[in-house]
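Structural overview for review
Below are the chains, spelled out letter by letter.
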Amino acid sequence: MLWNKWAPIVIGSLIIGSLFFMINSRSGSSEPVDREKLTPTLFVHGFKGGSRSFETMIDRMQNLQWGQKHMTIYVSARGDVTIRGEFKDTYNPFIQVLFENNRASIYNQTHWLSEIMRRLKADYNVQQVNLVGHSMGGLASVSYMLNDHHYSVPRVEKLAVIASPFKGIKKEGYFASNYGAATTDLQPGSEALEQMVKNKDQFPNDVDVFAIAGVINRDAPEKDHWDGLVHASSVNGLEEIVPFGQYKENRLYNPLATHSGLHELEEVDQLLKEFLWSEEAVN
């Protein structure tokens, strides 16, 4: 009689425990990750940027379980690459890239990204990556893709840029109050920006590209739309470089969509999620 009373509870507990074990066995660290199937997402900050540029965005994405940060890659002013962290058993690893010289030229940042990519493939067997660049980080990412396509680096699957000035920065007085090699490259019509357009035929024809521009002055004429620093038309300059059919753009009309505020908006997080990761990968 006692067994008849407790049997349903005992059996039910065993079933629930077995299901819990199975679920955790699939999602936990007991199941090794195939490195060749991993697609890490690299976050590259912009001019004068640093760890805080993408830190809060990455934190929000982790809290929503869209992925997890496993690496930080530091590049010294001399170009030495230091990698901290390791890939663990996760479906969607994040990598934050930090340049000590955050005022460096596009040329130098392109070279540094090439070395980062080489290390990721040689030391960690990374076969493909996504790139997310804010402002000048987007310029450096595109420059890298126009110059580095050999077998010793991972393949770029998707590229997202946020407020990147492919037509330069036209804000009055900006270059008088800033310094560094980047200020030469960021000027409209600079040799570095023009060179990217000239090299557009080198852009891979199998990479999806997504550009996000902020507009804080919606009521102004369209030609004047900007995020307080970069005009939307400058962000749109990327369309001249990317092969037809591979470019998508979204303009956020929001007083909070300032140049440095864009990577703090949850709306931008959602746009990146929809572009970079399928529903199956993040749910």
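Check the entry above for the structure.
Residues numbered from 1 in each chain as written. Predicted model: local features only at pLDDT ≥ 70, side-chain atom pairs only at ≥ 80, totals over all residues. Heavy atoms only, no water.

Description of unusual backbone geometry
Backbone geometry places Gln65, a non-glycine residue, at a positive phi of 60°. Examined against the element boundaries, Gln65 turns out to sit in the loop between α2 (51-63) and β2 (68-75). You will see that Ser135, though not glycine, has its phi angle at about 55°, which is positive. (Helix = DSSP H or I, 4+ residues; strand = E, 2+ residues; numbered from the N terminus.)

Notes on the pairing of strand β5 (residues 128-134)
The element β5 is largely enclosed, with a buried count of seven among its seven residues. Residues Gln128, Asn130, Val132 and His134 line one face of β5 and the alternating positions Val129, Leu131 and Gly133 line the opposite face, and both faces are buried. With four bridges connecting them, strand β1 (residues 41-44) and β5 associate as parallel partners. Pairing of Val44 across the sheet is with Gly133, part of β5. The pairing of β5 with strand β6 (residues 155-162) spans seven bridges and is parallel. Across the sheet, the residue bridging to Asn130 is Lys158, located in β6. (Buried < 20%, exposed > 50% of the residue type's maximum accessible area, 1.4 Å probe, protein only. Pairing = 2+ DSSP bridges.)

Some words on the sheet that holds strand β4 (residues 93-99)
Taking strand neighbours across the sheet as the criterion, the eight strands line up as β3-β2-β4-β1-β5-β6-β7-β8 in an open arrangement whose pairing is mixed. Since the sheet does not close on itself, it has two edges, and those belong to β3 (81-85) and β8 (247-253), each with one partner. For this sheet, the mean inter-axis angle between neighbouring strands, taken without regard to orientation, is 20°. Contacting β1, β2, β4, β5 and β6, α2 runs over the sheet at an angle of about 170° to β4. (Axes fitted to C-alpha atoms, helices over the stretch in contact; angles between N-to-C directions. Contact = heavy atoms within 4.5 Å.)

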